[in-house]
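Each chain, letter by letter, is given below.
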Amino acid sequence: MNLYPTAELFNSFQLPVSDRHSLYVEESGNRNGKPVIFLHGGPGGGIDPSYRQYFNPEKWRIIMFDQRGCGKSTPFADLNQNTTWDLVEDIEKIRKHLCVESWVVFGGSWGSTLSLAYSQSHPTVCKALILRGIFLLRKKEIRWFYQEGASKIFPDAWENFLKPIPVDKQDNLLKAYYELLTHEDSSKRIEAAKAWSVWEGSTVKLIQNKALMEHSSDAQFAEAFSRIECHYFTNNGWFDTDNYLIENVDKIRHIPAVIVHGRYDVVCPVENAWELHKAWPESDLHIIPDSGHAMSEEGIKNKLIEYTDKFLKL
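No experiment lies behind these values; they were computed from the predicted model shown. (Residues numbered from 1 in each chain as written. Predicted model: local features only at pLDDT ≥ 70, side-chain atom pairs only at ≥ 80, totals over all residues. Heavy atoms only, no water.)

## Thoughts on the packing of aromatic side chains
The line we're drawing: To pair, rings of Phe, Tyr and Trp, with the six-membered ring standing in for Trp, must have centres within 6.5 Å; the planes then decide the type, stacked if under 30 degrees apart, edge-to-face if over 60, and tilted in the middle. In DSSP terms, a helix is any run of H or I states spanning at least four residues, a strand is any run of E spanning at least two, and both are numbered starting from the N terminus. Using a 1.4 Å probe on the protein chains alone, a residue whose accessible area is under 20% of its type maximum counts as buried, one over 50% counts as exposed, and one in between counts as partly exposed.
Using the criterion set out here, one finds 24 aromatic pairs in the structure. With a centroid separation of 5.0 Å and an interplanar angle of 70°, the aromatic rings of Trp 158 and Trp 199 are classed as edge-to-face. You can see Trp 158 sitting in helix α4 (residues 155-162) and its partner Trp 199 sitting in helix α6 (residues 186-203), a full 41 residues away along the chain. Exposure class is identical for Trp 158 and Trp 199. Each is buried. With 5.4 Å between their ring centres and 85° between their planes, Tyr 307 and Phe 311 make a pair best called edge-to-face. Residue class for Tyr 307 comes out buried when judged on its relative accessible area of 3%. The structure contains a cluster of three or more aromatic residues connected by ring pairs, namely Phe 135, Phe 145, Tyr 146, Trp 158, Phe 161, Tyr 177, Trp 196, Trp 199 and Phe 233.

## Overview of unusual backbone geometry
With the exception of glycine, most residues fall at negative phi, and the peptide bonds are largely trans. Of note, the bond from Gly 42 into Pro 43 is cis; its omega dihedral lies within 30 degrees of zero at 0°. Looking at where Pro 43 falls in the secondary structure, it is placed in the loop between β3 (34-39) and β4 (60-65). Here the amide bond leading from Thr 74 into Pro 75 is cis, since omega sits at -5°, within 30 degrees of zero. Along the chain, the position of Pro 75 falls in the loop between β4 and α1 (84-97). The residue Ala 77 is not glycine, and still its phi comes out positive at about 55°. Examined against the element boundaries, Ala 77 turns out to sit in the loop between β4 and α1. The backbone of Asn 236 sits at a positive phi, close to 55°, despite the residue not being glycine.

## Remarks on the environment of Ile 37
To keep things clear, this is the line we draw: It only takes one pair of heavy atoms within 4.5 Å for two residues to be counted as in contact.
Inspection of the secondary structure assignment puts Ile 37 in strand β3. A C-alpha to C-alpha distance of 10.0 Å links Ile 37 and Ser 102, two positions 65 residues apart in sequence. Look past the residues within four positions of Ile 37 in its chain and what remains in contact with it is Ile 63, Phe 65, Trp 103, Val 104, Val 105 and Phe 106.

## Observations regarding the layout of surface pockets
Spelled out, the test is: A pocket here means an open set of points on a 1 Å grid, computed over the protein atoms alone, that has protein on both sides within 12 Å along at least five of seven lines. A cavity is instead a set of points where a 1.4 Å probe fits but cannot get out; residues with an atom within 4 Å of a point line either one. Grid points are joined across faces, edges and corners, and a volume is the space filled by probe spheres set on the points. Put simply, Ala, Val, Leu, Ile, Met, Phe, Trp, Tyr, Cys and Pro go in the nonpolar bin, Asp, Glu, Lys and Arg in the charged bin, and everything else, Gly too, in the polar bin.
Here the largest pocket defines a volume of roughly 1100 Å³. Looking at the largest pocket, it is lined by 44 residues, and the ones nearest its centre are Gly 45, Gly 46, Tyr 51, His 215 and Phe 221. Elements supplying a minimum of two residues to the lining of the largest pocket: β2 (22-29), β3, β5 (103-108), α6, α7 (210-216) and α8 (219-234). Broken down by element, the residue count for the lining of the largest pocket peaks at four residues, all from α8. Residue composition of the lining of the largest pocket, by class: 18 nonpolar, 17 polar and nine charged. Looking at the lining of the second largest pocket, the elements with two or more residues in it are α3 (139-146), α5 (173-181) and α8. Of the residues forming the lining of the second largest pocket, the biggest block, four residues, is contributed by α3. The class makeup of the residues in the lining of the second largest pocket is four nonpolar, four polar and four charged.

Spelled out as structure tokens, the structure:
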């Protein structure tokens with residue numbers, strides 16, 4: 001399937017959501033179309049016009065926003081008042097501000113985490129869920145990608161990830177990175193931010209993409225992305241239990257949902273999608289045999305577009 005043409009914006013604005021944070025929000029496609037909220041990854045990844053191409057612009061009212069601290073939202077890279085539950089309520093504030101009664105929720109990677117947290121908190125306003133690259137923010141997932149696991153598949157990229165961290169602190173890389181990413185010395189912060197961001201950029205696709213790795217090393221993108229990610233992961237997403245999102249799946253069991261996951265996803269292993277689906281057998285599960293983590297990979301892209309077309313009928 002081909003991507004749709006990039007939908008034209010018909011609305012964009014800054015929405016104050018606290019005494020500190022303001023969110024950049026945009027709408028594109030058909031202003032009278034079926035509403036969908038797009039939840040980007042990271043946390044801290046921000047939105048991109050290419051994300052609009054997964055939706056038929058003649059039929060969808062596409063709502064996207066930069067989550068707290070990233071993209072065009074302000075203040076930049078700020079960790080204060082920046083938690084999963086703040087974002088969940090931000091999504092509700094956007095829905096009410098735009099007078100949307102109910103909508104489809106689309107999220108990949110961290111966006112799938114946030115989609116689950118949001119829908120479990122506000123199930124009555126979710127028409128359907130499109131989830132990609134499942135991330136449940138459990139300790140075993142953080143350990144796999146930031147301590148030991150993915151390191152054995154990408155040892156060359158891992159060597160660069162280790163460089164900013166003294167050997168005597170490498171037994172807890174998340175903690176060591178948090179110290180650097182919140183350091184008062186901006187040069188230390190930026191060095192760590194780039195290393196953190198490039199590690200993910202190096203592993204996100206089945207076949208490494210040099211352009212993506214270069215984008216990941218951009219200092220401004222890397223600082224928000226790495227600081228916010230590390231902040232969330234250090235705090236276990238502010239979930240009450242390690243397996244919170246699966247334990248609360250009964251709240252959304254009635255909502256039509258699809259789970260799309262690459263077989264060779266190194267960032268978020270396919271086990272995550274499998275375990276979510278086993279707890280939620282009413283969901284559709286599609287394991288894409290020739291893909292990694294990125295939504296732009298051919299098999300994942302095709303399946304996502306198939307479902308954005310299919311869910312127009314709900």
